[in-house]
Amino acid sequence: MKCAVFLAGGFEECEGMIPVDLLRRAGMTVDTVSITEEHAVTGSRGVTVLADKLWKDIDPETYDVLILPGGKKGKENLEAFEPLKAAFARHYEAGRLTCAICASPSIFGHMGI
């Protein structure tokens, strides 16, 4: 199973990195994906992580699971990125696993999911 965890500035570090750790321990392929032009993404507590990939370099359709971590500012930044929301809508409509943690399920609510 191939998973993508999308990172935006202000993401809650534990909500972004613990799922990555657990899924990788379970043997799944997991890519962290920055929605910006930079691999470095700083979380809500000032911890900077290097995303594996950039949004511009991936095709969301190739992932089995799409995951949004929470964090107030991170959620706001994810929700403001229209291409990501469009990808999640297509993924959800296809009956594929779409996940959101803590503050991020509100994105789905605003989308009518």
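This text follows the structure it describes.
Residues numbered from 1 in each chain as written. Predicted model: local features only at pLDDT ≥ 70, side-chain atom pairs only at ≥ 80, totals over all residues. Heavy atoms only, no water.

Chemist: What is the right way to look at the overall build of the protein in this model?
Modeler: Helices and strands together make up the secondary structure of the protein, namely 4 helices and 7 strands. Mapped from its N terminus to its C terminus, the protein presents α and β elements in the order β-α-β-β-β-β-β-α-α-β-α. Dimensions along the principal axes, computed over C-alpha positions, put the protein at roughly 35 × 30 × 25 Å. Across the 113 residues that make up the protein, the buried fraction comes to 46%. Expressed as a percentage of contacts within the protein between residues at least 6 apart in sequence, the contacts between residues at least 24 apart total 68%. Summing over all exposed atoms, the protein offers an accessible surface of approximately 5,600 Å²; the carbon and sulfur share of this is 55%. Distance from the positive charge centre (12 side chains) to the negative charge centre (16 side chains) of the protein: 1 Å. (Helix = DSSP H or I, 4+ residues; strand = E, 2+ residues; numbered from the N terminus. Buried < 20%, exposed > 50% of the residue type's maximum accessible area, 1.4 Å probe, protein only. Contact = heavy atoms within 4.5 Å. Areas by Shrake-Rupley, 256 points an atom, 1.4 Å probe, with all protein chains shown as cover. Lys, Arg positive; Asp, Glu negative; His and termini not counted. Charge placed at Lys NZ, Arg CZ, Asp CG, Glu CD.)

Chemist: It is not clear to me how the pairing of strand β1 (residues 2-7) should be interpreted in this structure. Could you clarify?
Modeler: Regular strands place side chains that alternate from one sheet face to the opposite one. Along β1, 5 of the 6 residues are buried, which leaves the element largely enclosed by surrounding structure. Bridge count between β1 and strand β2 (residues 29-34): 6 bridges; the pairing is parallel. Directly across from L7, in β2, lies its bridge partner S34. Once you follow β1 into helix α1 (residues 13-25) and on to β2, the crossover reads as right-handed. As defined by bridge partners, β1 adjoins strand β6 (residues 65-68) across 3 bridges and the pair is classed as parallel. (Pairing = 2+ DSSP bridges. Right-handed = clockwise from strand over helix to strand, strands pointing away.)

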